[in-house]
Amino acid sequence: GAGVSQSPSNKVTEKGKDVELRCDPISGHTALYWYRQSLGQGLEFLIYFQGNSAPDKSGLPSDRFSAERTGGSVSTLTIQRTQQEDSAVYLCASSLDGPWGNSPLHFGNGTRLTVT
Amino acid sequence: KNEVEQSPQNLTAQEGEFITINCSYSVGISALHWLQQHPGGGIVSLFMLSSGKKKHGRLIATINIQEKHSSLHITASHPRDSAVYICAVPNYGGATNKLIFGTGTLLAVQP
């Protein structure tokens, strides 16, 4: 497809388990962002990739969170030992260039993570 | 003080009304994004603008770089416009390269 694809769309997991969320950006987009949105809250920045490198990891809430991007394309966000407060919608967005550029953002539909 | 502030936080309008949502920011920017999020739905990028005005259908976005202010206007509003509208700017002056989001404006258009 032409848009940003995220999988799975929904994930229910037990507290303490690890989860992997996947984002497939639009082909050719160098910038990739991960955000999360908790129920009733605004968007919270997690991490930003420019190509395969992550110049900004400042938003990752704890060392249980990690992300990687390979081949300048697909990115995975991994949450280890999930906690109930990790429950949120995890959104991925991509753009042709970085935040300083003039390219619009394209968002995926998100992964709704529920930790029971 | 938040670096990006939106007003109003909540807005209820009657169908057909002209709507304005405001966004003020305190950081230097290269471009500003307006985003739309329907309840339970995904986020759609409406506009990305760095100067002047852009129009798409019934939506108009303006920006005044000197005053660090942008507005999103909706003409002839319709119930399907009900959504959260969010403005976002790059963190131009900081050490990090992230978007800073406003808290959003929840718009409800009643028939």
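Note that the coordinates shown come from a computational prediction; the quantities given were computed from them, not determined experimentally. (Residues numbered from 1 in each chain as written. Chains lettered and ligands numbered in written order. Predicted model: local features only at pLDDT ≥ 70, side-chain atom pairs only at ≥ 80, totals over all residues. Heavy atoms only, no water.)

*Asks:* Even after reading the chapter, I still don't get the overall build of chain B, so can you show me in this structure?
*Replies:* Within chain B one finds zero helices and eleven strands. Of the regular secondary structure in chain B, the N- to C-terminal order runs β-β-β-β-β-β-β-β-β-β-β. Since a compact globule built from 111 residues should have a radius of gyration of about 13 Å, the 14 Å found for chain B is in line with a globular shape. Seen along its three principal axes, the alpha-carbon backbone of chain B occupies a region of about 45 × 30 × 25 Å. Across the 111 residues that make up chain B, the buried fraction comes to 46%. Excluding contacts between residues fewer than 6 apart, the proportion of contacts in chain B whose partners are at least 24 apart in sequence is 56%. Charge-centre separation for chain B: the mean point of 8 positive side chains lies 8 Å from the mean point of 6 negative side chains. (Helix = DSSP H or I, 4+ residues; strand = E, 2+ residues; numbered from the N terminus. Rg over C-alpha atoms; globule rule 2.2 N^0.38 Å. Buried < 20%, exposed > 50% of the residue type's maximum accessible area, 1.4 Å probe, protein only. Contact = heavy atoms within 4.5 Å. Lys, Arg positive; Asp, Glu negative; His and termini not counted. Charge placed at Lys NZ, Arg CZ, Asp CG, Glu CD.)

*Asks:* Looking at this structure, I do not really get the state of the cysteines. What am I missing?
*Replies:* The final tally for this structure, using the stated rule, is two disulfides over all chains. Shown here is the disulfide that connects Cys23 of chain A with Cys92 of chain A, its sulfur atoms set 1.8 Å apart. Taking the sign of the S-S torsion, -65° for the link of Cys23 of chain A and Cys92 of chain A, the bridge is left-handed. One end of the pair, Cys23 of chain A, is in strand β3 (residues 19-24); the other, Cys92 of chain A, is in strand β9 (residues 88-95), and 69 residues separate them in sequence. Cys23 of chain A sits in the buried class, given a relative accessible area of 0%. Covalent S-S linkage joins Cys23 of chain B and Cys87 of chain B, the inter-sulfur distance amounting to 2.0 Å. Its torsion about the S-S bond being 75°, the disulfide of Cys23 of chain B and Cys87 of chain B is classed as right-handed. Here Cys87 of chain B lies in strand β9 (residues 83-90) and Cys23 of chain B lies in strand β3 (residues 19-25), a separation of 64 residues in the sequence. Residue Cys23 of chain B is classed as buried on the basis of its relative accessible area, which comes to 0%. (Disulfide = S-S within 2.5 Å.)

*Asks:* I tried to follow the sheet that holds strand β7 (residues 65-69) of chain A on my own but got confused; where do I start?
*Replies:* The pairing of strands in a sheet happens through backbone hydrogen bonds and is either parallel or antiparallel. Residues and elements named next belong to chain A. The sheet built from four strands is open, its strands ordered β1-β3-β8-β7 with antiparallel pairing. Because the sheet does not close on itself, it has two edges, and the strands there are β1 (5-7) and β7. For this sheet, the mean angle separating the axes of adjacent strands, direction not counted, is 15°. (Pairing = 2+ DSSP bridges. Axes fitted to C-alpha atoms, helices over the stretch in contact; angles between N-to-C directions.)

*Asks:* So what exactly am I meant to see when it comes to the side chain of Gln6 of chain B here?
*Replies:* With respect to the secondary-structure elements, Gln6 of chain B resides in strand β1 (residues 4-7). One polar contact links Gln6 of chain B to Thr105 of chain B, side chain to side chain, over a distance of 3.3 Å. (Polar contact = N/O pair within 3.5 Å; in protein donor to acceptor, adjacent residues only side chain to side chain.)

*Asks:* For this particular structure, what's the right way to read the sheet that holds strand β8 (residues 69-74) of chain B?
*Replies:* Residues and elements named next belong to chain B. Strand order in the open sheet formed by five strands is β1-β3-β8-β7-β6, with antiparallel pairing between adjacent strands. With partners counted over all chains shown, the strands left at the sheet margins are β1 and β6 (52-56), one partner each. Each adjacent strand pair in this sheet contributes to an overall mean axis angle of 15°, direction not counted. Where β1 and β3 come together, four bridges link them in antiparallel fashion. What sits directly across from Ser7, in β3, is Asn22.

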